[in-house]
Amino acid sequence: MTGTLTRLSLLAALFFLALTAPSTSAGRADRKQKKIEEREKAIKMANMKAAGQDVVGMTKEAAELRSYELRNKKKKGLLKRREASLAQVLFPGASPEEYGLGEAVPAFAELVESKKTQLPFEFYDLPTCPEPSDKIKKRFRRRKNLGSRLMGHDLKLSPYNFATKQSKGCTPLCMVEIGGKKLRWMRKLVDRQYRIHMTLDQLPVLMRSKELNYAVRGYPVGFKAPPSYTGLKEDEFYLYNHLKFTVTYREEPEEFEGIRITGFDVHPVSIAHKVDDVKVEEGKILENSASSSFPTCTRESSPVNEPDTYLALRSGASGEDMKVLYSYEVNWVESEIPWADRWDVYLVGSPDDEIHYFAIVNSLMIVVFLTGAVATIMIRTLKRDIAGYNEMQTLEEAQEETGWKLVHGDVFRPPQNNSLLLSVLVGTGAQIGSAFFFTLLASMLRMLNPIKKGQALTAVIMLYVLCGGIGGYVSARLYKFCDAKAWKKNTLATAIFFPSIIVGMFMVLNVFLTVVGAATAVSFLTIFLIFFLWACVATPLAFAGSYFGFRAEKIEVPTKTNQIARFIPEVPYYANPPVSMFLAGLLPFGSVCIELFFIMSALWLHQLYYIMGFLMAVLLILVATCSEVAMVMCYLQLCAEDHRWWWKSFLNCASAGVYLFMYSLWFLASKLDLVGVLPVVVYLTYMSMISMAFGLMCGTVGYLSCFWFTKKIYGAVKVD
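Residues numbered from 1 in each chain as written. Predicted model: local features only at pLDDT ≥ 70, side-chain atom pairs only at ≥ 80, totals over all residues. Heavy atoms only, no water.

### Quick look at the nonpolar core
Part 1 of the argument: Membership of the largest hydrophobic core comes to 81 residues, with the highest contact counts inside it found for Leu-638, Tyr-683 and Phe-707.
Part 2 of the argument: With residues up to four places along the chain from it excluded, the contact list for Tyr-683 reads Met-600, Trp-604, Ser-664, Phe-667, Leu-668, Leu-672 and Leu-674. (Core = buried A, V, L, I, M, F, W, Y, C linked by side-chain atoms within 4.5 Å. Buried < 20%, exposed > 50% of the residue type's maximum accessible area, 1.4 Å probe, protein only. Contact = heavy atoms within 4.5 Å.)

### Some remarks on the state of the cysteines
Part 1 of the argument: The full count for this structure, using the stated rule, is two disulfides.
Part 2 of the argument: Here Cys-170 pairs with Cys-297 through a disulfide, and the sulfurs are 2.0 Å apart. Taking the torsion about the S-S bond as the criterion, the Cys-170 to Cys-297 disulfide, at about -105°, is left-handed. Taken together, the residues Cys-170 in strand β6 (residues 168–178) and Cys-297 in the loop between β15 (260–269) and β16 (322–334) connect sequence positions 127 residues apart.
Part 3 of the argument: Cys-170 gets classed as buried once you look at its relative accessible area, which sits at 1%.
Part 4 of the argument: What makes Cys-297 buried here is its relative accessible area of 5%.
Part 5 of the argument: Cysteine pairing for the protein (bonded cysteines numbered in sequence order): 1-3, 2-4.
Part 6 of the argument: Of the cysteine sulfurs around Cys-639, a residue in no disulfide, the closest is that of Cys-634, at 9.5 Å.
Part 7 of the argument: Distance from the sulfur of Cys-653, which forms no disulfide, to the nearest cysteine sulfur (Cys-626) is 4.7 Å. (Disulfide = S-S within 2.5 Å. Helix = DSSP H or I, 4+ residues; strand = E, 2+ residues; numbered from the N terminus.)

### Concerning the environment of Ala-584
Part 1 of the argument: Assignment of secondary structure puts Ala-584 in helix α14 (residues 579–604).
Part 2 of the argument: Ala-584 gets classed as buried once you look at its relative accessible area, which sits at 0%.
Part 3 of the argument: Put simply, Ala-584 and Gly-702 are 118 residues apart on the chain and 9.9 Å apart in space, counted from C-alpha to C-alpha.
Part 4 of the argument: Leave out the neighbours within four places in its chain, and Ala-584 touches Val-629, Met-633, Asn-652 and Ser-655.

### A short note on the pattern of salt bridges
Part 1 of the argument: Under the defined criterion, the tally for this structure stands at 13 salt bridges.
Part 2 of the argument: Measuring nitrogen to oxygen at the nearest pair gives 2.0 Å for the salt bridge that ties Glu-236 to Arg-314. A residue pair is termed long-range when its members are at least 10 positions apart, and Glu-236 in strand β13 (residues 236–239) and Arg-314 in the loop between β15 and β16 qualify at 78 residues.
Part 3 of the argument: What makes Glu-236 buried here is its relative accessible area of 4%.
Part 4 of the argument: Look at Arg-314 and you get partly exposed, because its relative accessible area is 42%.
Part 5 of the argument: Two residues, Asp-642 and Arg-644, come together in a salt bridge whose shortest N-O distance is 3.1 Å.
Part 6 of the argument: Under the relative-accessibility criterion, Asp-642 is labelled buried at 0%. (Salt bridge = Lys/Arg side-chain N within 4 Å of Asp/Glu carboxyl O.)

### A look at the packing of α14 against helix α15 (residues 612–639)
Part 1 of the argument: Following both chains from N to C, one finds α14 and α15 inclined at 175°, their axes separated by 9 Å at the closest point. Relative to α15, α14 is oriented roughly antiparallel. Contacts between α14 and α15 pair Ser-580, Ala-584, Leu-587, Pro-588, Ser-591, Val-592, Glu-595 and Ile-599 from the former with Phe-614, Leu-615, Val-618, Ile-621, Leu-622, Thr-625, Cys-626, Val-629 and Met-633 from the latter.
Part 2 of the argument: Of the residues belonging to the contact of α14 with α15, the class tally is 13 nonpolar, three polar and one charged. (Axes fitted to C-alpha atoms, helices over the stretch in contact; angles between N-to-C directions. Parallel < 35°, antiparallel > 145°, perpendicular 65-115°, else oblique. Nonpolar A, V, L, I, M, F, W, Y, C, P; charged D, E, K, R; others polar.)

### Things to note about unusual backbone geometry
Part 1 of the argument: Phi is positive for Asp-201, which is not a glycine, with a value near 55°.
Part 2 of the argument: Looking at where Asp-201 falls in the secondary structure, it is placed in the loop between β7 (195–200) and β8 (203–204).
Part 3 of the argument: In this model, Asn-418 sits at a positive phi of 55°, which is unusual for a non-glycine residue.
Part 4 of the argument: The residue Asn-418 is located in the loop between α8 (395–399) and α9 (419–444) in this model.

Set out below in structure tokens:
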């Protein structure tokens, strides 16, 4: 019977192998064929680049080369296996807008920004044509969120008109007189390299050059010419007052009705229009006026940049205001590029995803190293120590014990100094960490899109407010462990400590921003809204969390605390601040410093950052690093018979915030070219806020990890 079963099993196995062998061989053949195709495509793309093919143009060849260079970014999923377009990656769930022939497409004016300053202005702060009185159609309206208000983003209709597939030559727009302070301010904007940003069908306007193979968002207000170029004694500033817009579109009657916009380019021109013989009311829109005609701007002409006709930003010969005629032209060009690939050009030249993988691998190496150190402590050293302590039989042997067990009667003694402050700091750090974690989780689940203006900042603020209960609960439980009774004082301090510091710094900064007229100056309504969120949502949640925290049982510890504190011998230098803070803060910061560079570039250099999955991985690595560093430092401190680990465990990891601020100073000196005092103050103020939040979060992780660690090791020892 057994032999029959064996023969049947063998036959079944052979039958299974016979069925799977063809599919396995077919799979191998497919993979081999795929590798061959990838190699051939790589050779083809290399030959195209060697032949001088650009990657920023709207031709089929440029789009193909661009798509190949961005192939790693066009993948989604946890393991980046599924192919996707950048539109699906950047804007999940977004659908294309389709326009009929002659339909008006609104162009929105955004901020006027510069990398040399962190003081953006609104488009209509410039001496330009007045804002159209037309109302924005419902399909094009976008709600302003709290984050966009704080960042100064306020979309307004631009004065330029775009009718689908209706090209137009040079079109006079309006006449403006500039003089006095406005003229000096415009020269300053040109000197500081301010750029004007606009969007059409949610596409940012681009300046691109096939010859130089570059593409950059926005167009400059003007340009500066040195004396060697103009022959003058000092620099001369010129204004771009004519814009050549090119709108590319795709038309596929078999797939969809109307057209889909696939590109929005601009080429600025500086031209001194001949306006002396024409009488025009200042600020009046001239586009539909038949009475106004200018010899330098006709429907058949197209102004170009010529040194002889540049428009200099200077007053007249007798000091009168300069007259500026703004004009523009629109050219609609059909393209073969699909709508899903229209975002490719905006990410050309951005760091490849492989760099982020290397950053994570680098961080993982730190975690592996620390995990080995912790494993050595937990498995070898502690196991040997615990076994030795538990085997002591006589009183003489117990008296000869040394090491961390000696402080078992004091290790859970509540901190004698500022226990209220420590509880508040840990509760605040727990609230900040929870808000950051839930924000990244929402981004990974496609519940919010970090590319959309202000959405990520709104999510962080709202989730911080909603996590007030977590902060109140953690702070209350720790404060109760310290045998404190002033729970109202603890709860109120937890609710107002961090927000009061941040809002106080922001209010002082907002005064200076309002004085200079920056777009990021916040209105009274926004300030009231923030106060409402804190007073009516965050604070009640903090009190609710505190209520449940104080109602819960006191945290149990495995040993009893002696009535008299044990004498603390001289502690080694590496276990005492500030040396311990210097050593412990370095590794958590080192685990995130590479990814931090990309985040800083997105914040201050106006680059795109959308890979929230990488950021979540970095956050988890940071938490693991802080935990393990804190436990190692705590073990070394306890071995030195120092039981005052409460504040040290928090400060050791919180020092990572100091490293972050020092890194921001290096970034300011080496990567930013800020001009003026106020831009530097703005940068340092915001970075100090971020560094403070980062330090509180890391310190909380270290504190809670040490609490768990001490409970574990002392719970494993037999104590009389």
